[in-house]
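Here's the letter readout for the chains.
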Amino acid sequence: MERRSLIAATAGAVALGALAEVPAEAAPLRGGAPLTAFNVISDIQGDLGDLAVALKDMRATNPHSSGLAVAGDITPRGYDAEYAEVRKVFAGSPHPREIAWAIGNHEFYVPKWADPGTLAQATWPNGTTEDSLFRSFYRFAERGRVYAETTFGGIPVLTIGTERYMHYHDPKLWDEVWLSETQFRWLEERLAYWARRRRPVMVITHHPLPDTVSGTRNKLYMSDYLQADRLLGLLGRHRDVFLFSGHTHWDLGLSDWYVRRVVPGTANLDGFAVINTGAVQTGFTDNGQGGENAVDGAFNQGLQVEVYRDRVVVKARDFASGTWLKQVTVPLATRI
């Protein structure tokens, strides 16, 4: 089963909004440097040359970056040797000391292969255990669980992700995301903790939530989460939550690269911010028929995020050409 295979589409009863967005050209001019600035990329998937280009470009545009979030698909298949190659690129390239790694579906593709050179999907899982896939990610990320918390320049960064590769548990499922009760409780507690301390929270996840950013109204991506409504209900309570998601590889040049997601029943009529991370490896866009087409030419995109006392500015970057694509200024509900 390939990453872009179709899965049955189900959509929750939710609404989109853009109440708090201030386009860059309309934002009031306010002086002062940001409290912190960090970067977000996703979907490296073995494109190590473009990864090196991205790291070099980020150092040039944000030399004092307080952190880098990588929103999953760190490797093409999840082999330990592939993780080691990513480490090698980081070791040879300038990068922030603090890195927040999220797990993606490509971290679970070793079972499709009899060995690194022999594709054998018919005999999945080819002797590979689910636990071994998680252990490989844990060794690489240097932690003992999927979800984690760190800070970039004093701003909380929460990484979340699946705790099961679902085809091991249900033969009808593949890349769908499953979160444990423990992860849900942890996320709820950490969001509440930082809300009490009047801090915006950056949440990093690989898979996008339905009816949010580019691609998520396409049937390819509407059912990535088995517990989408519950996750939306948690995030939707907090106006100063910023959710960064990858997986789709959809072009940051699209108009819905940033949205505000309003979740009924949360008493938050302004919703929370959701931002597409683009991709390091290969870009896609809508084909107008419920599928997608690859973007022509070089593709290597990511984000720079600047946090001020009263706003967050998110800038979309084309690393291949070294140019800014666009930016959005999002006012904070509470001043830091």
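Higher on the page you've got the structure.
Throughout this description, residue numbers start from 1 for each chain and increase along the sequence as written. Predicted model: local features are reported for residues with pLDDT of at least 70 only, side-chain atom pairs are reported and counted for 80 or more only, and whole-chain, interface and lining totals are derived from all residues. Calculation of side-chain values draws on the structure's entire complement of heavy atoms; hydrogens and water are dropped beforehand.

**Q** Can you walk me through the pairing of strand β18 (residues 323–331) in this structure?
**A** Put simply, side chains in a regular strand alternate between the two faces of the sheet. A pair of strands is considered paired only if DSSP assigns at least 2 bridges between the two. Runs of H or I in DSSP of at least four residues are treated as helices and runs of E of at least two as strands, each being numbered from the N terminus. As judged from the 8 bridges shared by strand β17 (residues 311–318) and β18, these two strands associate in the antiparallel manner. Looking at β18, one finds that lysine 315 is bridged to glutamine 327. Taken together, β17 and the strand that follows it, β18, pair antiparallel across an intervening segment of 4 residues, in which glycine 322 is found at a positive phi of about 70°.

**Q** Would you take a moment to explain the packing of aromatic side chains for this structure?
**A** The relation between two aromatic rings is expressed through the spacing of the ring centres and the mutual angle of the planes. Here a Phe, Tyr or Trp ring, Trp counted by its six-membered ring, pairs with any other such ring whose centre lies within 6.5 Å, and the pair is stacked when the planes are under 30 degrees apart, edge-to-face when over 60, and tilted otherwise. Throughout the structure, instances matching the rule amount to 13 aromatic pairs. An angle of 70° between the planes, with centres 5.1 Å apart, marks the rings of phenylalanine 108 and phenylalanine 134 as edge-to-face. In this pair, phenylalanine 108 is assigned in the loop between β5 (99–102) and β6 (113–115) and phenylalanine 134 in helix α3 (residues 130–141), connecting sequence segments 26 residues apart. A 1.4 Å probe rolled over the protein chains alone gives each residue an accessible area, and that area as a share of the maximum for its type sets the label: buried under 20%, exposed over 50%, partly exposed in between. Classification of phenylalanine 134 as buried rests on a relative accessible area of 6%. Aromatic pair tyrosine 165 and tyrosine 168: ring centres 6.4 Å apart, planes at 75°, arrangement edge-to-face. Judged by relative accessible area, which is 24%, tyrosine 168 ranks as partly exposed. Chaining the aromatic ring pairs together yields one cluster made of Phe108, Trp124, Phe134, Phe137, Tyr138, Tyr165, Tyr168 and Trp174.

**Q** What exactly am I supposed to notice about helix α1 (residues 48–61) here?
**A** Residues separated by three or four positions in an α-helix point in the same direction, a consequence of the helix having 3.6 residues per turn. In this analysis, the expected span of each helix is defined as 1.5 Å times one less than the number of residues it contains. Taking 1.5 Å of rise per residue, 14 residues should cover 20 Å, and α1 covers 20 Å from first to last C-alpha, within 8% of that figure. Of all the positions in α1, only Leu51, Ala54, Leu55, Asp57 and Met58 are classed as buried. Buried positions in α1, seen along its axis, are confined to an arc of 165° and lie on one side of it. Those residues of α1 that are exposed and aimed more than 90 degrees away from the buried face are Lys56 and Ala60. At its buried positions, α1 is contacted by β3 (36–41), β4 (68–71), α2 (80–91) and β17. This arc corresponds to the set of directions leading from the helix axis out to the C-beta atoms. Residues are treated as being in contact if the distance between any of their heavy atoms lies within 4.5 Å.

**Q** Can you walk me through the nonpolar core in this structure?
**A** Burial of nonpolar side chains together is a common tendency in soluble globular proteins. By nonpolar core is meant a set of buried Ala, Val, Leu, Ile, Met, Phe, Trp, Tyr and Cys residues that side-chain atoms within 4.5 Å join together. Membership of the largest hydrophobic core comes to 31 residues, with the highest contact counts inside it found for Ile41, Leu51, Val70, Ile74, Phe90 and Trp101. Every element with two or more residues in this core is listed here: α1, β4, α2, β5 and α3. Among the elements that make up this core, the one with the highest residue count is α3 (5 residues). With residues up to four places along the chain from it excluded, the contact list for valine 70 reads Ile41, Ile44, Ile99, Ala100, Trp101, Ala102 and Ile204. The next biggest cluster of nonpolar side chains, apart from the first, holds 28 residues, and it includes Phe244, Val307, Val312 and Val328.

Keep in mind that these numbers describe shape and distance, not what the molecule does.
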